[in-house]
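Chain by chain, the residues run as shown.
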Amino acid sequence: MQFRDIIPNISTKRDKKRIATEYVIDYSQLDEKGLENALIKTAPQYYSEENVRARLFELMYDEDRNIRVLHSIMVRDILLNQDEFTMEQALLDQAVVDFEQDIVNRANEAEIGASGDKQERLDLFRFVLETAWDRNDDVSPDEQHLIEKLRERLKVTRGEYRIIEAQLGFFPKVRNEIHLLSEIKDCRVRLQSAGLLLCFRTADGIDFDVIPDEIAGTLRDVWGIEVRNHGYDALLQDKRVKSKPYLMAILDKAGVAYDKYVTVEQLRMLIKEHVRPAELLGGFSARDGLDASVLSEWCKDLGLVSSGQKTDLISRIVQHFDEIKQMSGLVGEHADQNELLLEYFTELAGRKLDELRKQGVIAKDIECERLFEQATSYIFEKYLGHKPLQLSGTEHPDGILSYKDRLIMWDNKSKETDVSLKDHIKQFDRYIKNSNKPVACFVVLGPSFTDESSKEARKYQIEHDVPIALLQADEFLSVAKKFGGDPNDDPFPLANFIQSGRIDVSEMVF
């Protein structure tokens, strides 16, 4: 959307005044129509590269660290990846929360994979961050400026920076606290005052945030953005660049280290983090990347002009993928199966094998435990709003959730009889003690529990200061369905699980 087309649709005079703050002289003296005319007249100042760079510098080193963190998430990571650079305000708020939680989850899943010189640079950067945070629970603008200079010098990406800071317990806020909606709103107001973000209201009263095309173009130039995230994902799926050897060769040329057991998906993540789309196609010198003949064939397949220099061909392909519209995905590849599993959740917990086979839920007895775990993960993510962490190796509980700067672990016990905590306490103790972060609570999910299990849980908490919560499968399912699973709602309060012994779901607050 063009700047001049948005201005008349800004909902209130107050919003127009706020946007006029930076560049319109005597804006407070103008009536609403005069404000609109003045804003349109001064439009070039809003997307001047010099002015955009100045405003970004001010935001990056704002006295309020919430502004420093939030402005780039809202603008760079979310809005610039939307079709027409616009998004309903309520959905943007939720997208910010989800983005921050994803960073915390990734930080909890594993260390950043690197080796040699790259690992040394990451270790140095981590040490500097630790030192900066060591004095108090904040980083000053001056310290932030030095950290940013060091980040660029050490070639640490913004994503790596966030993950390291989250591993230290300081992203998005102290103790990995997620930003409140009021704090996101404050940043929205700050972005409007800086002239980088506009807003408008539709005829049915829905408020949207929008970055005008002209400002978005300047922001993309300043940040070196060539393709929206979903377009880059689509590009990386093409047969010409999707092979593991090709991705590894590009990363080698870019000087990006990776583990020798790296997966293709991990390689794609590294590519997106470190390599621009044009570099992925053309490499870093005339002899790198794809041959011109391959690029020409690719253009022909896309219905683009297939003649011209190699740089022209690359430019056309990059533009094509940048113009791909976002598609709203399905809930998941196995969404229908997962909903079926919920219908038989208590049967899975109680190992009602005859019934499960009869209904076609399982084909073999061994599937029962795995499907009980799968259904539990599905409930946490789709009904309670908490995405389980990805787990590696074999010595771990069935699931882990991020909870502020700690973790909540859970384990499924599918049994035909009551679960006795005493039979499994050594196994759970290993999981807790081997954790790289403090464990806020360990939840055991089963069909039912022996009377002695609650006493065993309290005994463990007294000795190790970690509560073990015992939760019946039928009660867990009833809480999930009562909570509702609306993606627009706040996530289920995980603090409800932090208790020892049998959980009384009637006392849960949400």
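First, a word on what this report is: a plain description of the structure on this page.

The rules behind these values
Residues numbered from 1 in each chain as written. Predicted model: local features only at pLDDT ≥ 70, side-chain atom pairs only at ≥ 80, totals over all residues. Heavy atoms only, no water. Helix = DSSP H or I, 4+ residues; strand = E, 2+ residues; numbered from the N terminus. Rg over C-alpha atoms; globule rule 2.2 N^0.38 Å. Buried < 20%, exposed > 50% of the residue type's maximum accessible area, 1.4 Å probe, protein only. Contact = heavy atoms within 4.5 Å. Areas by Shrake-Rupley, 256 points an atom, 1.4 Å probe, with all protein chains shown as cover. Axes fitted to C-alpha atoms, helices over the stretch in contact; angles between N-to-C directions. Parallel < 35°, antiparallel > 145°, perpendicular 65-115°, else oblique. Left-handed = near helix turned anticlockwise from the far one by under 90°. Nonpolar A, V, L, I, M, F, W, Y, C, P; charged D, E, K, R; others polar. Phe/Tyr/Trp six-rings, centres within 6.5 Å; stacked < 30°, edge-to-face > 60°. 1 Å grid on protein atoms, 1.4 Å probe; cavity = no way out; pocket = protein on both sides within 12 Å on 5 of 7 lines; lining within 4 Å. Points joined across faces, edges and corners; volume = space filled by probe spheres on them. Salt bridge = Lys/Arg side-chain N within 4 Å of Asp/Glu carboxyl O. Expected span 1.5 Å × (residues − 1). Pairing = 2+ DSSP bridges. Right-handed = clockwise from strand over helix to strand, strands pointing away. Polar contact = N/O pair within 3.5 Å; in protein donor to acceptor, adjacent residues only side chain to side chain.

## So, the overall build of the chain
- Helix and strand content of the chain: 25 helices and 8 strands.
- On C-alpha atoms alone, the chain measures out to a radius of gyration of 26 Å, which is about the 24 Å that the 2.2 N^0.38 rule sets for 510 residues.
- Taken over 510 residues, the chain has a buried fraction of 50%.
- Contacts in the chain between residues at least 24 apart in sequence constitute 67% of all its contacts with a sequence separation of at least 6.
- About 25200 Å² of surface is accessible on the chain, with carbon and sulfur atoms providing 48% of the total.

## Some thoughts on unusual backbone geometry
- At the junction of F171 and P172, the peptide bond is cis and its omega measures out at 0° in the coordinates.
- If you trace the backbone, P172 turns up in the loop between helix 10 (158-167) and helix 11 (181-193).
- Its identity as a non-glycine residue notwithstanding, D26 has a phi of 55°, on the positive side.
- Relative to the assigned elements, D26 resides in the loop between helix 2 (13-20) and helix 3 (32-41).
- If you check the backbone angles, K404 has positive phi at about 55° while not being a glycine.
- Its place among the elements puts K404 in the loop between strand 4 (399-403) and strand 5 (406-412).

## Some thoughts on the packing of helix 7 (residues 89-109) against helix 11
- Two elements in contact, helix 7 and helix 11, have axes whose closest approach is 10 Å; the angle formed by their N-to-C orientations is 115°. With respect to each other, helix 7 and helix 11 are oriented roughly perpendicular. The crossing of helix 7 and helix 11 is right-handed. Contact residues: Q89, L92, D93, V96 and V97 in helix 7; L181, I184 and R188 in helix 11.
- Among the residues forming the contact of helix 7 with helix 11, the class breakdown is 5 nonpolar, 1 polar and 2 charged.

## Here's the deal with the packing of aromatic side chains
- Inspection of every chain in the model, using the stated rule, returns 20 aromatic pairs.
- Residues F380 and F476 carry aromatic rings whose centres are separated by 5.1 Å and whose planes lie at 50° to one another, so their mutual orientation is tilted. In this pair, F380 is assigned in helix 22 (residues 367-383) and F476 in helix 25 (residues 473-483), connecting sequence segments 96 residues apart.
- Following the ring pairs from residue to residue traces out a cluster consisting of F345, F372, F380, W410, F476, F483, F492, F497 and F510.

## Points about empty space enclosed by the protein
- Using the criterion set out here, one finds 2 cavities of 30 Å³ or more in the structure.
- Lining the largest cavity are 16 residues, and of these R68, S72, Q144, E148 and Y161 sit closest to its centre.
- Elements with a minimum of two residues in the lining of the largest cavity: helix 6 (65-78), helix 9 (141-154) and helix 10.
- Ranked by residues supplied to the lining of the largest cavity, first place goes to helix 6 with 6 residues.
- Classifying every residue of the lining of the largest cavity gives 5 nonpolar, 3 polar and 8 charged.

## Remarks on the environment of D423
- With respect to the helices and strands, the residue D423 is situated in the loop between strand 5 and helix 23 (425-433).
- Remark: the alpha-carbon pair of D423 and I362, spanning 61 residues in sequence, is separated by 26 Å.

## So, the pattern of salt bridges
- Per the counting criterion, the structure on display carries 34 salt bridges.
- In this structure, E226 engages R276 in a salt bridge whose closest nitrogen and oxygen atoms are separated by 2.0 Å. Taken as a pair, E226 in the loop between helix 12 (213-223) and helix 13 (229-236) and R276 in the loop between helix 15 (264-274) and helix 16 (277-282) lie far apart in primary sequence, 50 residues in all.
- What makes R276 partly exposed here is its relative accessible area of 35%.

## Observations regarding helix 22
- Relative to the 24 Å expected for 17 residues at 1.5 Å per residue, helix 22 spans 23 Å between its end C-alpha atoms, a close match to the ideal helical length.
- Regarding helix 22, the residues found buried are E367, C368, L371, F372, A375, T376, Y378, I379, F380 and Y383.
- Positive phi appears at G385, one or two residues downstream of helix 22, with a value of about 80°.

## Overview of the pairing of strand 6 (residues 439-446)
- Most of strand 6 is tucked away, with 8 of its 8 residues classed as buried.
- Bridge count for strand 5 against strand 6 is 6 bridges, and the pairing is parallel. Note that in strand 6 the partner of M409 across the bridge is F442.
- Assessed by its sense of winding, the connection that carries the chain from strand 5 through helix 23 to strand 6 is right-handed.
- Read from strand 6 through helix 24 (residues 451-464) to strand 7 (residues 468-472), the crossover connection turns out right-handed.

## Quick look at the environment of D504
- Assignment of secondary structure puts D504 in the segment after strand 8 (501-502).
- Its relative accessible area of 36% is what places D504 among the partly exposed residues.
- Separated by 32 residues in the primary sequence, D504 and Q472 have C-alpha atoms spaced 9.7 Å apart.
- Within polar-contact distance, the side chain of D504 engages the side chain of S506 at 2.5 Å.

## Structural notes on the side chain of S414
- Along the polypeptide, S414 turns up in the loop between strand 5 and helix 23.
- Separated by 3.4 Å, the side chain of S414 and the backbone oxygen of A349 make a polar contact.
- The residues touching S414, leaving out its near neighbours within four places in the chain, are L348, A349, R351, C368, E369 and F372.

## Some words on the sheet that holds strand 5
- Spatially, the 5 strands line up as an open sheet ordered 4-5-6-7-8, and their pairing is mixed. In this open sheet, the two strands that pair with only one neighbour each are strand 4 and strand 8.
- Here strand 4 pairs with strand 5 via 5 bridges, running antiparallel. Looking at the pairing, S402 lines up with L407 of strand 5.

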